[in-house]
Structure formats: C-alpha cells, structure tokens
Amino acid sequence: MKNNQKAGIYIHIPFCKAKCIYCDFYSVADRNDEIPEFINSICKEIKLFFKERAYPWKFDTIFFGGGTPSLLKASSIESILNSLREYIDLSNIKEFTIETNPGEVTVDKLKDFISIGANRLSLGFQTFDEKLLSFLGRLHSPEDCINTYDNARKAGFDNINADLIFDIPGQTMKRWKKDLSRLVDLDPEHISTYSLTVEEQTQLFKLVKSKKVIMPSEIIDIDMYTYMLEFLKIKNYIQYEVSNHSKGGYRCNHNMHYWKNDPYISFGPSAHSYDLKKRWWNMDNLNLYTQAINNNELPIKDKEYLTKKDYFNELIFNGLRMHDGVNVKKLSKYYNKSIEAYIKLNTEKWNGLNYENGFFFLDDNARLLADEIASDLFI
C-alpha cells in the first residue's frame, strides 16, 4: 500500500566564521579545515542509519541549516545528496533550502547551489543597523545584506527568506521600523522575525547575568511585535506562524513538517529526528560525533518515546503557534472526553481563541501569547 505520509530531511552543518553572542545552536568557529573530514562523516552517518532501517514516507523537503551551510562547496553538498539518494527517492523533493550569511557567497557559488537542486535561500540578515550587527557578533554589513540578496536574484533564486531580529538592546522602535521597511522594499517571498531571547550557554546570557547588557522591557518587545504584525499584513505578508510570514504560496514547507508533527530525519552533530513514535538526537560535539562514526556507530546521544500526553501537548503547542490552528479531530485521539469542553474550561481567562470547521485557533494578537495559552491546555 502506498504511504502518503510526507517527511523532511535536515542536515546540520556546524561550521561558522564566528559565533554570534545570542546563538545556542551547536556550531564551531575557525575549524573550516575540518570540513572535508566532516563531509565524509556525514555521508557515512547516512549509510549507517539507512543500513538498519527504511521508511515508506514521501520525503519532500531538504533543509541545510547550521552553523553556516554556505561555507560548503556545492560539490560537498552534492556528495551528501548522493549519499541520501542511495536510500531514498529525492525526485519528490519540492523544497530544498540552504541557509546563507550575507557577504559570504558569490553569484557563482549561488548558481552552483541552484545547479545541484537548491531552490530556496534563507538569508540571516538579522538587522540592517551596523551598530546592532556589531553588538550581535555578526560579521556582515548592511551593504552585504543588499548585495547578497541581489546576487541571489541574479543567480536565479525565486524563493528567498530573510531573518530579522527585534528587541535587541539599543534598538529603538524607529530603527525597527526602518529595518522592516528596508526588507520589504527588497521584496522577499518569506520573512522570519524573532524576538531576541537570552539562552543559557550563550555569550549574551553571561553579559545579561553580569548586568553588562540590559535587555529591553517587555512593553518594547510587545510594541515591536504588534507593529511588525500590522506592517507586514499591510504589505501582503501572511503570518502563518508566530515568527513566520510569507506571500501566498511561499510558506516554508520544511518548517511546516515540524509544526504539523510530521516525521523528519536529521544528520550531523546535535541534529534531532522524529519518526512518529520517538525522538532522538545526536551528540552535540563535533569530535565525539566524528569519533563515533569512525567506530561505525551512529552518533546518537539519547532518545525518548512519546506518550499520549506528549502527542496531545505537542499538537496544542505547535498548533496554537500557527494561523491554521489545532485540529480537534487529531486531539481527540489522545483525550477520551469532550475536547471542546476541555478547551473552554482551560481558556476562560484568555481572549482571542476561536473555533471553526474543526479547528481552534488564536487571532493575531492572542498568538503573541501562544506559549502561555498552550501551557494552560497541557494535560
């Protein structure tokens, strides 16, 4: 019987030129000489993984994230694709994304990415303000953002995402409005906007803890978020998830796999996977990762099996972050009483919750509080 379950593939490339002060994704700086060995390791990991198992799903997205995947040559990325091709049908891939830092790729390299099948580029702008870029530890300039975007268009990319960060210390509302305006003038198909969060194990955390850096107030954070919502809506960008906005037909299909609780398989150090029954994640250390693979062992650090409670809570958490909302029919598989009554009872103190055509969802303003509302609905 044909299996129509869609799934994604994620490849984690841990190399960076420098570590940004806010980043808590696993990455290593100044170790680019290890890239060739890493490519061999990740190709071998793919072989070790699929040697023991096979999945009937239809893989339709590939996402190279990091780190900075664009530090790799197209031929190195192609080697990884060839390893995958031995075990799964890549002809079903509809969306192939590569994350890129401004100022770090040429037109020719971008053309090379397209030649191996990439059809979506994600650019880490973060801000167009030179002082704020310096504070964040970004190496590029505002001009690099514009030039890299223009080069991506010249190379032939017709699906581009750009990231922006708000709530940065020293960032005024005027600066935020200017960033949004400059980005929309470029006319990307997709925009991701993130409030700067202070994560443990980052340089920013240490700076905030020592009071060398003071984060903006929650009021400023909310003001920037609500302005952004209205501005992007006027400019015909649809907010389909709390942090993500797109023109019609340009949602990030790979990220939709995560939010819809679809399966995904990932490779590389710190990469997380999900097969509808369990989650597992790789070692978040490049040396240990490589060592395990050299010993013909999968570099898995740990795993967890999901309970009915886990499934229920994750459907709530992810669904409320999306414009589409939560599918009540899916929830009912994990809860044997009236879902509607449960939702009503546990959301009485919140405004902006709606129910329509078998889904319950938050309006634009309530979506800002999606995580808090979701926690009230967890079982």
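Here is a short report on the structure shown in this document. (Residues numbered from 1 in each chain as written. Predicted model: local features only at pLDDT ≥ 70, side-chain atom pairs only at ≥ 80, totals over all residues. Heavy atoms only, no water.)

## Looking at unusual backbone geometry
Alright, step 1. Of note, the bond from glycine 66 into glycine 67 is cis; its omega dihedral lies within 30 degrees of zero at 20 degrees.
Alright, step 2. Along the chain, glycine 67 falls in the loop between strand 4 (58–66) and helix 2 (74–85).
Alright, step 3. In this structure, aspartate 30 is a non-glycine residue whose phi angle is positive, near 60 degrees.
Alright, step 4. Of the residues examined, aspartate 30 reaches a relative accessible area of 67% and is grouped as exposed. (Helix = DSSP H or I, 4+ residues; strand = E, 2+ residues; numbered from the N terminus. Buried < 20%, exposed > 50% of the residue type's maximum accessible area, 1.4 Å probe, protein only.)

## Side note on the packing of aromatic side chains
Alright, step 1. Tallying each qualifying case throughout the model produces 22 aromatic pairs.
Alright, step 2. Here phenylalanine 15 and phenylalanine 38 contribute two aromatic rings whose centre-to-centre distance is 5.4 Å and whose plane-to-plane angle is 80 degrees, an arrangement assigned as edge-to-face. Of this pair, phenylalanine 15 sits in strand 2 (residues 15–16) while phenylalanine 38 sits in helix 1 (residues 35–52), placing them 23 residues apart in sequence. Of the two residues, phenylalanine 15 and phenylalanine 38, neither departs from the other in class, the shared state being buried.
Alright, step 3. Joined through ring pairs, the aromatic side chains of Phe49, Phe50, Tyr55, Trp57, Phe59, Tyr87, Phe267 and Trp280 make up one cluster.
Alright, step 4. Sitting over the face of the ring of tyrosine 227, lysine 177 holds its NZ or CZ atom 4.9 Å from the ring centroid.
Alright, step 5. Lying across the ring of tyrosine 274, arginine 279 places its NZ or CZ 4.2 Å from the centre. (Phe/Tyr/Trp six-rings, centres within 6.5 Å; stacked < 30°, edge-to-face > 60°. Lys NZ or Arg CZ within 6 Å of the ring centre and 35° of its normal.)

## Examining the packing of helix 1 against helix 2
Alright, step 1. Packing of helix 1 against helix 2 leaves a shortest axis separation of 9 Å and a crossing angle of 10 degrees. One way to sum up the angle between helix 1 and helix 2 is to call them roughly parallel. Contacts between helix 1 and helix 2 involve Ile39, Ile42, Cys43, Ile46 and Phe50 on the former and, on the latter, Ser76, Ser79, Ile80, Ser83 and Leu84.
Alright, step 2. In terms of residue class, the contact of helix 1 with helix 2 is built from 7 nonpolar, 3 polar and no charged. (Axes fitted to C-alpha atoms, helices over the stretch in contact; angles between N-to-C directions. Parallel < 35°, antiparallel > 145°, perpendicular 65-115°, else oblique. Contact = heavy atoms within 4.5 Å. Nonpolar A, V, L, I, M, F, W, Y, C, P; charged D, E, K, R; others polar.)

## Quick notes on the layout of surface pockets
If a probe the size of a water molecule is rolled over the atoms, the empty space left behind becomes visible.
Alright, step 1. In this structure, the second largest pocket spans a volume of roughly 250 Å³.
Alright, step 2. Residue lining of the second largest pocket: Gln5, Lys260, Asn261, Asp262, Tyr274, Leu276, Tyr311, Leu315, Lys330, Lys333 and Tyr334, and that is the complete set.
Alright, step 3. Grouping the amino acids of the lining of the second largest pocket by side-chain chemistry returns 5 nonpolar, 2 polar and 4 charged. (1 Å grid on protein atoms, 1.4 Å probe; cavity = no way out; pocket = protein on both sides within 12 Å on 5 of 7 lines; lining within 4 Å. Points joined across faces, edges and corners; volume = space filled by probe spheres on them.)

## Some thoughts on the pairing of strand 11 (residues 264–267)
Alright, step 1. Every second residue of strand 11 is oriented toward a common face, with Tyr264 and Ser266 on one face and Ile265 and Phe267 on the other, all of them buried.
Alright, step 2. The pairing of strand 1 (residues 6–13) with strand 11 spans 4 bridges and is parallel. Looking across to strand 11, one finds that isoleucine 11 is bridged to phenylalanine 267. (Pairing = 2+ DSSP bridges.)

## A word on the sheet that holds strand 17 (residues 359–362)
Two orientations exist for strands paired in a sheet by backbone hydrogen bonds: parallel and antiparallel.
Alright, step 1. Here we have 3 strands laid out as an open sheet, ordered 15-17-16, and antiparallel in their pairing. The open sheet has two free edges, formed respectively by strand 15 (326–327) and strand 16 (353–356), since each of these has just one partner strand.
Alright, step 2. The sheet contact formed by strand 15 and strand 17 spans 2 bridges and is antiparallel. Within strand 17, the residue paired with asparagine 327 across the bridge is phenylalanine 359.

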